[in-house]
Amino acid sequence: PWMLRMAGEVADGVHIHPLGEPGYIARHVLPNVAAGAEKAGRSPADIDTIIPAMTIVGDSDEERHNEREFVRASMSFYGSTPNYAFIWDEAGFEGTTARLREKQKAGDMAGMMAQITDDHIAAFATESTWDELADKLIAKYGGVATRIVLYNALGGSDRFERYGEIARRLSAALPRFD
């Protein structure tokens, strides 16, 4: 909370952690940034909220499978950090961090990934076809983000071009996306 308030006082924006789902942003990020901005006599609208969105994109489930497992692994790693336990808990996934840490301490990466269910992924990532991705990201983050980072925009040149189109659509739809 202190860092978010400080960002509201002095920064141009705040870059949220990839586990920043919309509920967390609405409950914690926006109010704390606004409190800091108000303390400094600034408008909260002048501070960008930058969201690194984990995406799983492809036109078939087979195409999305590897990306889904990459996101599952990323979430299991990030989610094992004790400071993020409250984010899981508030999103309805109580005890996730404790279960992840238990597997982590045992050196069980596969066990860590198994703790991240499809429900976790649905809450913390955005999965879709290429044609629907921009609309789904806008629906999920439109009220809380001024910028979206396509966190795991990976792959060859064909995927890079497709992500470029998604970025152009986001740029046209979000207040200060560029």
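Going by the structure above, here's the rest.
In short, a report on the structure. As the structure is a computational prediction, the values presented were derived from the model and not from experiment. (Residues numbered from 1 in each chain as written. Predicted model: local features only at pLDDT ≥ 70, side-chain atom pairs only at ≥ 80, totals over all residues. Heavy atoms only, no water.)

### Concerning the overall build of the protein chain
Now for step 1: Within the protein chain, the secondary structure is distributed over nine helices and four strands.
Now for step 2: Helices and strands in the protein chain line up, N terminus first, as α-β-α-β-α-α-α-α-α-β-α-β-α.
Now for step 3: The C-alpha atoms of the protein chain give 17 Å as radius of gyration, which agrees with the globular expectation for 178 residues (16 Å, within 12%).
Now for step 4: Seen along its three principal axes, the alpha-carbon backbone of the protein chain occupies a region of about 50 × 40 × 25 Å.
Now for step 5: Of all 178 residues assigned to the protein chain, the portion counted as buried reaches 43%.
Now for step 6: Put simply, 70% of the contacts in the protein chain that link residues at least 6 apart link residues at least 24 apart.
Now for step 7: Carbon and sulfur atoms make up 55% of the accessible area of the protein chain, which totals about 8900 Å².
Now for step 8: On the protein chain, the mean spot of the 19 positive side-chain charges and the mean spot of the 27 negative ones are 4 Å from each other. (Helix = DSSP H or I, 4+ residues; strand = E, 2+ residues; numbered from the N terminus. Rg over C-alpha atoms; globule rule 2.2 N^0.38 Å. Buried < 20%, exposed > 50% of the residue type's maximum accessible area, 1.4 Å probe, protein only. Contact = heavy atoms within 4.5 Å. Areas by Shrake-Rupley, 256 points an atom, 1.4 Å probe, with all protein chains shown as cover. Lys, Arg positive; Asp, Glu negative; His and termini not counted. Charge placed at Lys NZ, Arg CZ, Asp CG, Glu CD.)

### A short note on the packing of aromatic side chains
Now for step 1: Under the defined criterion, the tally for this structure stands at seven aromatic pairs.
Now for step 2: A ring pair is formed by Trp88 and Phe93, whose centres lie 6.4 Å apart and whose planes are at 90 degrees; its orientation type is edge-to-face.
Now for step 3: Its relative accessible area of 0% is what places Trp88 among the buried residues.
Now for step 4: One aromatic cluster is present, built from ring pairs that chain together Phe77, Tyr78 and Tyr151. (Phe/Tyr/Trp six-rings, centres within 6.5 Å; stacked < 30°, edge-to-face > 60°.)

### Points about the environment of Asn66
Now for step 1: With respect to the secondary-structure elements, Asn66 resides in helix H3 (residues 61-78).
Now for step 2: With a relative accessible area of 59%, Asn66 lands in the exposed category.
Now for step 3: Taking the C-alpha atoms as reference, Asn66 lies 15 Å from Trp130; in sequence the two are 64 residues apart.

### Concerning the pattern of salt bridges
Now for step 1: In the structure shown here, the tally under the stated rule is 13 salt bridges.
Now for step 2: Glu9 is the salt-bridge partner of Lys39, the closest N and O atoms lying 3.7 Å from each other. Placement of the pair is Lys39 in helix H2 (residues 22-39) and Glu9 in helix H1 (residues 2-10), with a sequence separation of 30 residues.
Now for step 3: Residue Lys39 is classed as exposed on the basis of its relative accessible area of 66%.
Now for step 4: The partner of Glu69 in a salt bridge is Arg72, and the shortest N-O contact between them spans 3.1 Å. Separated by three residues within a single helix, Glu69 and Arg72 lie in helix H3, roughly one turn from each other.
Now for step 5: The exposure class assigned to Glu69 is partly exposed, which follows from its relative accessible area of 25%. (Salt bridge = Lys/Arg side-chain N within 4 Å of Asp/Glu carboxyl O.)

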